[in-house]
Amino acid sequence: MIEFIDVDKTYPGIEAPVHALDNINFKVDAGEIYGVVGYSGAGKSTLIRCVNQLESVTEGKVIVDGKDLTSLTPSELRVIKKRIGMIFQHFNLLNSKTIYTNVAMPLILNKTPKNEIKARVTELLDFVGLSDKASQYPDQLSGGQKQRVGIARALATNPSILLCDEATSALDPQTTESILELLRKINKEYNITILLITHEMSVIRDVCHKVAVMENGKIIERGSVFDVFSNP
Ligand code: ADP
Ligand code: ADP
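With an unreviewed UniProt entry as reference, the protein chain is termed D-methionine transport system ATP-binding protein, source organism Jeotgalicoccus halotolerans. Looking at the Sequence similarities (unreviewed entry) heading of the UniProt record, one finds this comment for the protein chain: "Belongs to the ABC transporter superfamily."

This is the structure:
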């Protein structure tokens, strides 16, 4: 589903080049919840941003749905990008737009017909439990509710992959648990493959099937969550 082959990423940097990804090799199978954990600066954000092409790799290949992202035409890339949804630590909602319009945004940008948008947004808001918030604005919502809006927006185009960038790091433990529960439901009911990055081991232990541990741009350990955690 997602595969990194010999991936390197170097940023120019201010004083010296920064080697953010150093010979990364790993594979996420369809239907998995795969977690990447590591301290700040390990290279997690860079890794996840290479999947949806917010960053391009310096060397190596990133394969998504059998296609090498590093060799696609812009129109092929647009098709693949619709297959990938993403949620963020700080939600990245449009504060001047209603919840309805925030969720609708990817479909508006795709020029989806209005009646289809309405049906899809109604269904998504129902799925994340926010049907009664459609006409409100992000500032009127709690952190957990905002992340639910982020999740609904990420699912709008029916992706097969959901990327989560520290999606629960700004939330309290109880809200974190409810968002993780929603991620499990998305994985199970919609069969969406999830790649998440976090600095919190507890998140990995709670929802992930597999884990890769990153340090200084390298994957230093990987395997099933059970194996990695039972290793002394
Ligand atoms: P993490 O998500 O694990 O905190 P990042 O991928 O954000 O790690 O960062 C990995 C390394 O790359 C860090 O040393 C960071 O300072 C550096 N880095 C990240 N983004 C940039 C950038 N746009 N320009 C230069 N260096 C960057
Ligand atoms: P703006 O883009 O100015 O923030 P709104 O987000 O209020 O405007 O609404 C944009 C369009 O989305 C409206 O014209 C309407 O068709 C639809 N819409 C907004 N809120 C709802 C809602 N609660 N239920 C159904 N449709 C809505």
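Asker: When you look at the pattern of salt bridges in this model, what are you seeing that I'm missing?
Answerer: Scanning all chains against the criterion turns up nine salt bridges. Among the ionic pairs, Glu123 bridges to Arg120, the shortest N-O distance being 3.2 Å. One end of the pair, Glu123, and the other, Arg120, are both in helix α4 (residues 114–127), three residues apart, so they sit about a helical turn from each other. Given the relative accessible area of 13%, Arg120 is considered buried. With a closest N to O distance of 3.0 Å, Arg184 and Glu181 form a salt bridge.

Asker: What's the story with the sheet that holds strand β2 (residues 18–28) in this structure? I'm lost.
Answerer: Strand pairing in a sheet relies on backbone hydrogen bonds. The paired strands run either parallel or antiparallel. As summarised here, the arrangement of the four strands in space is β2-β1-β4-β5, forming an open sheet in which the pairing is antiparallel. Unpaired on one side and paired on the other, β2 and β5 (67–68) mark the two borders of the sheet. Judged from the two bridges that link them, strand β4 (residues 59–64) and β5 form a sheet pairing that is antiparallel. By the bridge assignment, Val64 is partnered in β5 with Lys67.

Asker: Got a minute to help me understand the site of ligand 2 in this structure?
Answerer: Surrounding ligand 2, one finds Ser96, Lys97, Thr98, Tyr100, Thr101, Lys118, Ala134 and Ser135. Separating an oxygen atom of ligand 2 from a side-chain N or O atom of Thr98 is a distance of 2.7 Å. A distance of 3.1 Å separates a nitrogen atom of ligand 2 from a polar atom in the side chain of Ser135. In the complex, 52% of the free accessible area of ligand 2, which totals 550 Å², lies under the protein chains. Residues belonging to the shell around ligand 2 are distributed by class as follows: two nonpolar, four polar and two charged.

Asker: Help me understand helix α5 (residues 143–155), please; the structure alone is not making it clear to me.
Answerer: Structurally, the α-helix is built with 3.6 residues per turn, so residues lying three or four positions apart point the same way. For α5, built from 13 residues, the straight-helix expectation of 18 Å at 1.5 Å per residue is met to within 8% by its first-to-last C-alpha distance of 19 Å. Counting buried residues along α5, ten of its 13 residues qualify, which places the element largely inside the surrounding structure. When α5 is considered as a whole, its buried residues turn out to be Gly144, Gln147, Arg148, Val149, Gly150, Ile151, Ala152, Arg153, Ala154 and Leu155. At its buried positions, α5 is contacted by β6 (84–88), α3 (99–109), α4, β7 (161–165) and α6 (173–189).

Asker: Hey, could you run me through the nonpolar core in this one?
Answerer: Taken as a class, soluble globular proteins show a tendency for nonpolar side chains to be buried jointly. One finds Ile151, Leu183 and Leu196 to be the most contacted residues of the largest nonpolar core, which totals 44 residues. Among all residues touching Leu183, those that are not within four sequence positions of it are Ile87, Ile151, Leu162, Cys164 and Ile194. Formed by 29 residues, the second largest nonpolar core is a distinct cluster that contains Val28, Ala42, Leu163 and Ala212.

Asker: Sorry, what's going on with the site of ligand 1 here?
Answerer: Tyr11, Val18, Ala20, Tyr39, Ser40, Gly41, Ala42, Gly43, Lys44, Ser45 and Thr46 make up every residue found near ligand 1. Going through the elements one at a time, β2 and α1 (44–51) are the ones with two or more residues in the shell around ligand 1. Of all the elements, α1 adds the most residues to the shell around ligand 1, at three residues. Its residues assigned to classes, the shell around ligand 1 comprises five nonpolar, five polar and one charged.

Asker: In this structure, what is going on with the packing of α3 against α5? I would like to understand it.
Answerer: Pairs of packed helices are described in terms of their axes, by the angle between the two and the distance that separates them. Two elements in contact, α3 and α5, have axes separated by 7 Å at closest approach and are oriented at 30°. The angle between α3 and α5 falls in the class roughly parallel. By crossing handedness, the relation of α3 to α5 is classed as right-handed. Touching Ile99, Asn102, Val103 and Pro106 of α3 are Val149, Ala152 and Arg153, all from α5. Partitioning the contact of α3 with α5 into residue classes produces five nonpolar, one polar and one charged.

Asker: Mind showing me how you'd approach the state of the cysteines here?
Answerer: Here a disulfide denotes a covalent bond joining the sulfur atom of one cysteine to the sulfur atom of another. Counted according to the given criterion, the structure contains zero disulfides. Free of any disulfide, Cys50 has its nearest neighbouring cysteine sulfur in Cys164, separated by 17 Å. Between Cys164, a cysteine without a disulfide, and Cys208, which holds the nearest cysteine sulfur, the sulfur-to-sulfur distance is 9.0 Å.

Analysis parameters
Positions within a chain are numbered from 1, following the residues in the order the chain's sequence is written. Labels are handed out in written order, letters beginning with A for the chains and numbers beginning with 1 for the ligands. Thresholds applied to this predicted model are a pLDDT of at least 70 for local features of residues and 80 or more for the giving and counting of side-chain atom pairs; totals over whole chains, interfaces and linings are not thresholded and use all residues. The side-chain quantities take in all heavy atoms of the structure and omit both hydrogens and water. UniProt positions are given in the numbering used here, feature names are shortened, and annotations may be inferred rather than shown by experiment. The salt bridge definition used is simple: a Lys or Arg side-chain nitrogen within 4 Å of an Asp or Glu carboxyl oxygen. Every helix listed is a DSSP run of H or I at least four residues long, and every strand listed is a run of E at least two residues long, numbered separately from the N terminus. In this scheme, a residue with accessible area under 20% of its type's maximum is buried, one over 50% is exposed, and one in between is partly exposed, where area comes from a 1.4 Å probe on protein chains only. Strands are treated as partners if at least two bridges between them are detected by DSSP. Put simply, a residue is near a molecule or strand once any heavy atom of it comes within 4 Å of that molecule or strand. Pairing of N or O atoms within 3.5 Å defines a polar contact, subject to two protein rules: one partner must be a possible hydrogen donor and the other a possible acceptor, and residues neighboring in sequence count only if both atoms are side-chain atoms. Using a 1.4 Å probe, accessible areas were evaluated by the Shrake-Rupley method; residue-level cover was limited to the displayed protein chains. Under this grouping Gly is polar, as are all residues other than the nonpolar Ala, Val, Leu, Ile, Met, Phe, Trp, Tyr, Cys and Pro and the charged Asp, Glu, Lys and Arg. A helix is expected to reach a length of 1.5 Å times the quantity of its residues less one. What makes two residues a contact is simply this: any of their non-hydrogen atoms within 4.5 Å. The definition of a nonpolar core used throughout is a set of buried Ala, Val, Leu, Ile, Met, Phe, Trp, Tyr and Cys residues joined through side-chain atoms within 4.5 Å. Angular values range over 0 to 180 degrees, each being the angle between N-to-C directions of two axes fitted as lines to C-alpha atoms, with helices fitted over their stretch in contact. For classification, angles of less than 35 degrees are called roughly parallel, those exceeding 145 degrees roughly antiparallel, those between 65 and 115 degrees roughly perpendicular, and all remaining angles oblique. Working rule for handedness: look at the near helix, and if it is turned counterclockwise from the far one by less than a right angle, call the crossing left-handed; if clockwise, right-handed. By convention in this document, the label disulfide applies to cysteine sulfur atom pairs within 2.5 Å.

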